[in-house]
Amino acid sequence: MSKEQEAPVFQAAGVAGPGEDWWDDFFPEDLPQDWQLEYYTHYHSRLLLPAPVWTEAGAPAFGDWAEAVPPALRLTLDWPVELGLETGATRARALAEAVGDGLQAVAPGPMGPAQMQAIRAALEAAGLGRLMVYGAGEERVLARAEAAWFHPAPAPKSAALAGGGAWQVSPEAGLDAPGWRALVEALGQAGGSGEIPVFLRARPERLSDFRTIAALLGLG
């Protein structure tokens with residue numbers, strides 16, 4: 001079967017939200033914030049860092065990145081249209097120096113081709129040409145999602161970096177099992193093939209619901 005004919009393989013992934021109830025309530029009440037990523041990685045291996053989390057130079061939410069990020073955790077950076085090139089590249093390089101190969105990808109927000117090219121050039125100049133830079137986010141309508149964006153896969157530099165893109169999804173609040181199934185089915189019908197991370201802006205324990213249903217449907 002060719003890659004074009006393969007079904008997508010959805011990988012449930014989280015979105016960091018320090019200070020947000022839907023994120024903080026996942027962790028034991030007495031757990032220090034700089035231990036949250038270690039705890040999270042006991043359950044999940046991928047995480048999207050929103051720009052306010054990874055661009056904060058003064059006092060990072062999770063403390064020292066080198067100590068806070070476990071080796072098994074794979075990070076993707078959200079890069080909104082308003083983030084300056086110099087600031088983004090400088091902060092991304094500092095994070096990469098702290099976590100090494102744990103930093104894997106960048107997911108730009110909705111933006112034009114010129115800004116996409118400028119982001120790639122800024123990362124190259126910062127010595128981060130190894131990072132996968134997904135295509136600019138494209139807003140999509142999905143069943144049981146309040147909002148959804150799809151990031152097309154870039155042209156792979158090697159087979160190891162090949163992938164089918166990535167999603168950012170804000171599920172409807174209070175989804176039950178049939179609701180999660182409808183969401184996974186909608187993602188499957190949206191097309192794509194290969195490994196596709198789905199970054200869910202939801203309580204981290206709900207990632208397990210998504211993962212289980214995706215597996216039952218042959219999509220995970």
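Residues numbered from 1 in each chain as written. Predicted model: local features only at pLDDT ≥ 70, side-chain atom pairs only at ≥ 80, totals over all residues. Heavy atoms only, no water.

1. What about the packing of helix α7 (residues 177–189) against helix α8 (residues 206–216)?
Between α7 and α8, whose axes approach to 9 Å, the crossing angle comes to 60°. By the angle between their directions, the pair α7 and α8 is classed as oblique. In this structure, the crossing between α7 and α8 has a hand that is right-handed. Judged by residue contacts, Ala177, Trp180, Arg181, Val184 and Leu187 of α7 engage Arg206, Asp209, Phe210, Ile213 and Ala214 from α8. (Axes fitted to C-alpha atoms, helices over the stretch in contact; angles between N-to-C directions. Helix = DSSP H or I, 4+ residues; strand = E, 2+ residues; numbered from the N terminus. Parallel < 35°, antiparallel > 145°, perpendicular 65-115°, else oblique. Left-handed = near helix turned anticlockwise from the far one by under 90°. Contact = heavy atoms within 4.5 Å.)

2. A closer look at the sheet that holds strand β4 (residues 103–108)
Read from one edge of the open sheet, nine strands run β5-β4-β3-β2-β1-β9-β8-β7-β6, paired in mixed fashion. Edge positions in the sheet fall to β5 (132–133) and β6 (138–139), since each of these pairs with one other strand and no more. Here β4 runs beside β5; their pairing, made up of two bridges, is parallel. Bridged to Ala105 within β5 is Met132. (Pairing = 2+ DSSP bridges.)

3. Overview of the pattern of salt bridges
Scanning the model with the defined rule gives seven salt bridges in all. Of the charged contacts in the structure, one is a salt bridge between Arg203 and Asp25, with a shortest N-O distance of 3.9 Å. On the criterion of sequence distance, the pair formed by Arg203 in the loop between β9 (194–200) and α8 and Asp25 in the loop between α1 (21–24) and α2 (36–41) is long-range, its members being 178 residues apart. Accessibility expressed as a relative area gives 30% for Arg203, which makes it partly exposed. Of the charged contacts, one joins Arg203 and Glu205 as a salt bridge, the two residues approaching to 2.5 Å between their closest N and O atoms. If you follow the salt bridges from partner to partner, you end up with Asp25, Arg203 and Glu205 in one network. (Salt bridge = Lys/Arg side-chain N within 4 Å of Asp/Glu carboxyl O. Buried < 20%, exposed > 50% of the residue type's maximum accessible area, 1.4 Å probe, protein only.)

4. Focus: helix α6 (residues 113–125)
Taking 1.5 Å of rise per residue, the 13 residues of α6 would be expected to cover 18 Å, and the 18 Å separating its terminal C-alpha atoms lies within 8% of that figure. Those residues of α6 that fall on the buried side of the exposure criterion are Met116, Ile119, Ala122 and Leu123. Projected down its long axis, α6 carries its buried residues within an arc of 125°, all on one side. Exposed positions of α6 whose direction lies more than 90 degrees from the buried face are Pro113, Ala114, Gln117 and Ala125. Packed against the buried residues of α6 are β3 (74–79), α5 (85–99), β4 and β5. Two residues or fewer past α6, Gly127 is found with a positive phi of approximately 80°. (Expected span 1.5 Å × (residues − 1). Arc of directions from axis to C-beta.)

5. Let's talk about the side chain of Thr55
Its place among the elements puts Thr55 in the loop between α3 (51–54) and α4 (65–68). Here Ala51 takes part through its backbone oxygen, which lies 2.6 Å from a polar atom of the side chain of Thr55. Excluding residues within four positions of it along the chain, Thr55 makes contact with Leu83 and Arg91. (Polar contact = N/O pair within 3.5 Å; in protein donor to acceptor, adjacent residues only side chain to side chain.)

Distances and angles like these do not, on their own, reveal function.
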